[in-house]
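Chain by chain, the residues:
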Number of protein chains: 2
Amino acid sequence: MQDIADKLGLSKGTVSLVLSGKAKGSRVSEETCRKVKQMAAEMNYQPNEIARSLSTGKSMSIGVVITDISNEFFGNLTFHIQEQAKKYGYTVITSNTNESPEEFYDAVTTLLNKQVDGIILVPVDEGQEVLLKIMKRNLPVVQVDRYYPDIKANYIIIDNYKVSRDVIEVLIRKGLQRIAVVCYDINLNALTDRRQGYIDALDRHGLLDPALIKNINYENQEEEIKRAIIDLKNNPDKVDAIFFCSRRVFITGVKYMHREGIKIPEEMEVVCFDEIDSFSITNMPITYIKQPIRKMGEKAVDILMEQMSGIDEIKECVFEAEIEYSI
Amino acid sequence: MQDIADKLGLSKGTVSLVLSGKAKGSRVSEETCRKVKQMAAEMNYQPNEIARSLSTGKSMSIGVVITDISNEFFGNLTFHIQEQAKKYGYTVITSNTNESPEEFYDAVTTLLNKQVDGIILVPVDEGQEVLLKIMKRNLPVVQVDRYYPDIKANYIIIDNYKVSRDVIEVLIRKGLQRIAVVCYDINLNALTDRRQGYIDALDRHGLLDPALIKNINYENQEEEIKRAIIDLKNNPDKVDAIFFCSRRVFITGVKYMHREGIKIPEEMEVVCFDEIDSFSITNMPITYIKQPIRKMGEKAVDILMEQMSGIDEIKECVFEAEIEYSI
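Residues numbered from 1 in each chain as written. Chains lettered and ligands numbered in written order. Predicted model: local features only at pLDDT ≥ 70, side-chain atom pairs only at ≥ 80, totals over all residues. Heavy atoms only, no water.

## Points about the packing of aromatic side chains
Residues and elements named next belong to chain A. Counted according to the given criterion, the structure contains 14 aromatic pairs over all chains. Ring plane angle 45 degrees and centroid distance 4.9 Å describe the contact between Phe279 and Tyr288, whose orientation is recorded as tilted. Residue classification places Phe279 among the buried residues on the basis of a relative accessible area of 5%. Exposure remark for Tyr288: the relative accessible area of 8% places this residue in the buried category. Members of the aromatic cluster, each reached through a chain of ring pairs, are Phe244, Phe250, Phe279 and Tyr288. Note that Arg194 overlies the ring of Phe273, its terminal NZ or CZ placed 3.6 Å from the centroid. (Phe/Tyr/Trp six-rings, centres within 6.5 Å; stacked < 30°, edge-to-face > 60°. Buried < 20%, exposed > 50% of the residue type's maximum accessible area, 1.4 Å probe, protein only. Lys NZ or Arg CZ within 6 Å of the ring centre and 35° of its normal.)

## Here we look at the packing of helix α2 (residues 12–19) of chain A against helix α3 (residues 30–42) of chain A
All names here are of chain A. In contact at an axis separation of 10 Å, α2 and α3 are set at 85 degrees when each is read in the N-to-C sense. In terms of orientation, α2 and α3 fall into the roughly perpendicular class. Contacts from Thr14, Val15, Val18 and Leu19 in α2 reach Thr32, Cys33, Val36, Lys37 and Ala40 in α3. Split by residue class, the contact of α2 with α3 holds 6 nonpolar, 2 polar and 1 charged. (Axes fitted to C-alpha atoms, helices over the stretch in contact; angles between N-to-C directions. Helix = DSSP H or I, 4+ residues; strand = E, 2+ residues; numbered from the N terminus. Parallel < 35°, antiparallel > 145°, perpendicular 65-115°, else oblique. Contact = heavy atoms within 4.5 Å. Nonpolar A, V, L, I, M, F, W, Y, C, P; charged D, E, K, R; others polar.)

## Structural notes on the sheet that holds strand β1 (residues 61–66) of chain A
Ordered by their spatial adjacency, 12 strands build an open sheet running β11(A)-β5(A)-β4(A)-β3(A)-β1(A)-β2(A)-β2(B)-β1(B)-β3(B)-β4(B)-β5(B)-β11(B), and the pairing between neighbours is mixed. Bordering the open sheet on either side are β11 (316–319) of chain A together with β11 (316–319) of chain B, each of which pairs with just one other strand. With direction set aside, neighbouring strand axes in the sheet form an average angle of 20 degrees. As defined by bridge partners, strand β1 (residues 61–66) of chain B adjoins strand β3 (residues 119–121) of chain B across 3 bridges and the pair is classed as parallel. Bridging from a neighbouring strand, Gly63 of chain B pairs with Ile119 of chain B of β3 of chain B. Strands in contact with helix α5 (residues 72–87) of chain B are β2 (91–96) of chain A together with β1, β2 (91–96), β3 and β4 (141–144) of chain B; relative to β2 of chain A, the strand with the most contacts, it is inclined by about 80 degrees. (Pairing = 2+ DSSP bridges.)

## Things to note about the interface of chain B and chain A
Reports often express the size of an interface as the amount of accessible area lost when the parts come together. With 54 residues of chain B at the interface, the matching set in chain A holds 54 residues. Carbon and sulfur atoms make up 53% of the surface buried where chain B meets chain A, a total of about 4600 Å² over both sides. In this assembly, chain B and chain A are joined by 4 salt bridges. With a shortest N-O distance of 3.4 Å, Arg247 of chain A and Asp277 of chain B are connected by a salt bridge. (Buried area = accessible area lost by both parts, 1.4 Å probe. Salt bridge = Lys/Arg side-chain N within 4 Å of Asp/Glu carboxyl O.)

## What about the domain arrangement of chain A?
All names here are of chain A. For chain A, the assigned domains are domain 1 (2–47), domain 2 (59–158 + 293–320) and domain 3 (160–290). When each unit is reduced to the centre of its C-alpha atoms, the spacing between domain 2 and domain 3 is 29 Å. Contacts between the two partners involve 17 residues from domain 2, matched on the other side by 16 residues from domain 3. Carbon and sulfur atoms supply 46% of the area buried between domain 2 and domain 3, which totals about 1400 Å² over both sides. Broken down residue by residue, the surface that domain 2 buries against domain 3 is led by Glu72, Asp125 and Ile158, which jointly contribute 39%. Summed over the shared surface of domain 2 and domain 3, the number is 3 salt bridges. Among the ionic pairs, Glu72 bridges to Arg247, the shortest N-O distance being 2.5 Å. (Domains from an automatic or database assignment.)

## Some thoughts on the relation of the copies chain B and chain A
Once turned by 180 degrees and shifted 0.0 Å along the axis, chain B lies on chain A with an RMSD of 0.1 Å. The superposition operator between the copies reduces to a two-fold rotation axis. Interface residue correspondence from chain B to chain A reaches 100%, placing this contact among same-surface, isologous pairings. (Least-squares fit on C-alpha atoms with pLDDT ≥ 70 in both.)

## Here's the deal with the nonpolar core
Counting residues in hydrophobic clusters, the biggest one holds 196 residues, and the most contacted among them are Ile119 and Phe250 of chain A together with Ile119 and Phe250 of chain B. With sequence-adjacent residues up to four places away left out, Phe250 of chain B is seen in contact with Ile281 of chain A together with Phe244, Val270, Val271, Cys272, Ile276, Phe279 and Ile286 of chain B. (Core = buried A, V, L, I, M, F, W, Y, C linked by side-chain atoms within 4.5 Å.)

## A closer look at the sheet that holds strand β8 (residues 241–244) of chain B
Residue and element names in this part refer to chain B. Read from one edge of the open sheet, 6 strands run β7-β6-β8-β9-β10-β12, paired in mixed fashion. On the outer flanks of this sheet lie β7 (213–216) and β12 (322–325), each paired with one strand and no other. The average angle at which neighbouring strand axes cross in this sheet is 20 degrees, direction not considered. Here 4 bridges tie β8 to strand β9 (residues 269–273), and the two strands are oriented parallel to one another. Following the sheet pairing, Phe244 is matched in β9 by Cys272. The sheet contacts of helix α8 (residues 160–173) involve β6 (179–184), β8, β9, β10 (287–290) and β12, and relative to β9 the element is tilted by about 165 degrees.

## Considerations on the pairing of strand β5 (residues 154–158) of chain B
Each regular strand displays side chains that alternate between the two surfaces of the sheet. All names here are of chain B. Within β5, 5 of the 5 residues are buried, leaving the element largely enclosed by the surrounding structure. By the alternation rule, side chains of β5 split into Asn154, Ile156 and Ile158 and Tyr155 and Ile157, which are all buried. Across 3 bridges, β4 lies against β5 in parallel orientation. If you follow Gln143 over to β5, its bridge partner there is Tyr155.

## Comments concerning the side chain of Arg195 of chain A
All names here are of chain A. Inspection of the secondary structure assignment puts Arg195 in helix α9 (residues 189–204). Although buried, Arg195 forms no salt bridge, and the nearest oppositely charged side chain, Asp185, lies 6.5 Å from it. Residues in contact with Arg195, not counting those within four places in the same chain, are Cys183, Tyr184, Asp185, Ile213 and Asn215. (Lys, Arg positive; Asp, Glu negative; His and termini not counted.)

## Digging into the pattern of salt bridges
Residues and elements named next belong to chain B. One pass over the structure, following the stated rule, counts 42 salt bridges over all chains. Across the salt bridge formed by Glu31 and Arg34, the nearest N and O atoms sit 3.2 Å from each other. Placement of the pair is Glu31 and Arg34 together in helix α3 (residues 30–42), with a separation of 3 residues, close to one helical turn.

Encoded structure:
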């Protein structure tokens, strides 16, 4: 600004008034405004947003903390968050937790130090303290995909229980009786609700068999899913279908079903919790649960912006997911 | 800091010395240091990084501008960039261009205003001015996946020409003669090199047929890929294989091959430029080109950090990709 002022023989205050858009109604003439703007363009002037942040107290950035950006579900979610944030003039700082409470803590601490104006996060197991830390600062925060039921805070989830129960009911109506579930053993409602929906639907029809419930450790997933598939194949009573509770579990599970020579759908049907954009490269029917990812991402940003504008009513959003069929 | 100083009856300057890690060798006693740190912890003190940025001139953030974070290739690339940046203590601000030069311009302008310390970007067609704008500011920048050959700037790419030529040679050695290519018509070297590698390999063996080259418009891709597949199916001389030059083209192409009842690999073989983590859900052999995504992402950050530390030698990195076979 000083350079522009020097070139035009004006004071820095005048230049600042013009470039911050506050010249209207002031003593600065239109002619001067025009000259300042032209010189600013010629000199490739860019406002220093860091200095501006310090005076306005706003960084115009939001933080997004997800499990893993290379996972298609979170990639899609982040895409829609970014596109929606852009409409409000906000940029997005992203970090991965890899389901680790330590990485979750570090990611949030960094964002707080960066003075982001709000945070959208996917909770991890045992991460309640981190959410409370954000709230203690009165910083707007929205949980997505999962939430901590003990904490009164904004969240956006889908009705995991209902859609899981419904999809199992569909399989039962088709005549399938021996239905297995393969699910992470993570103690978060998104996953426990999916397993419980499965359990309740089968139990209602007297078809529940605990031997068909396979809980998978996240860190050792490849090996454990492989073992689960072999175990289900060798079950003395033929298994009719497998409900995979998330994307990666499905991909790994179907890989081992192929390796074990299990014919899909002739010998076993498969259900995937989530849509995968490459379903179409397989030539087999897949029942899947479609989450409204775009709506979830956009709504998360909308709620965050509302809270940033001073509305402090807690929003608990539960969207419905849909059951779809590929092919 | 003032609050901490007041509570302990110290000057703000003393507190600042301790909390900025500059107390060692100063007049401040160890006992005072301990007290300040303890009080800072009790009062939940967090450094204001915006204020710190203004004094150090460093924001400790880098910008990453990619085509589309929901695309698995870019999701993976961003993941490895983020994890590597984290090791250096940097956070990452991400934006999507959707292959649009306007969005590319907007994304970079926003990052410049945010005073990021460096930018990693995936060039878009007709976006040279944007790269030049960054360089004019002397801000470190690294191009990934593609580059502008007319501009002397850092880049990390793979040898698209060589690996494409090689994969076609493999098919020819297997006895396939009528090989088609389906490729975006985007005028960027990553894509033109893939097409050219294909052309030169076939030409060398006298097998080139222009009717088998299908150029696809990015915005209208679904419809154009569908038409290309139908056209190849109806070619009077049977087509033996299709080389799909990128991930989305492959997924859409194989979908329409299934719909048209084309048996893979019995009637036509397929080659995918890129690995897809869900290849394993299909039960068919796919030849694919595996890019060293992790190495590319990590190297991009390493080069950026070198440049930020004052090394201004231009780095032009060309990694080799590998040909792999699924199943």
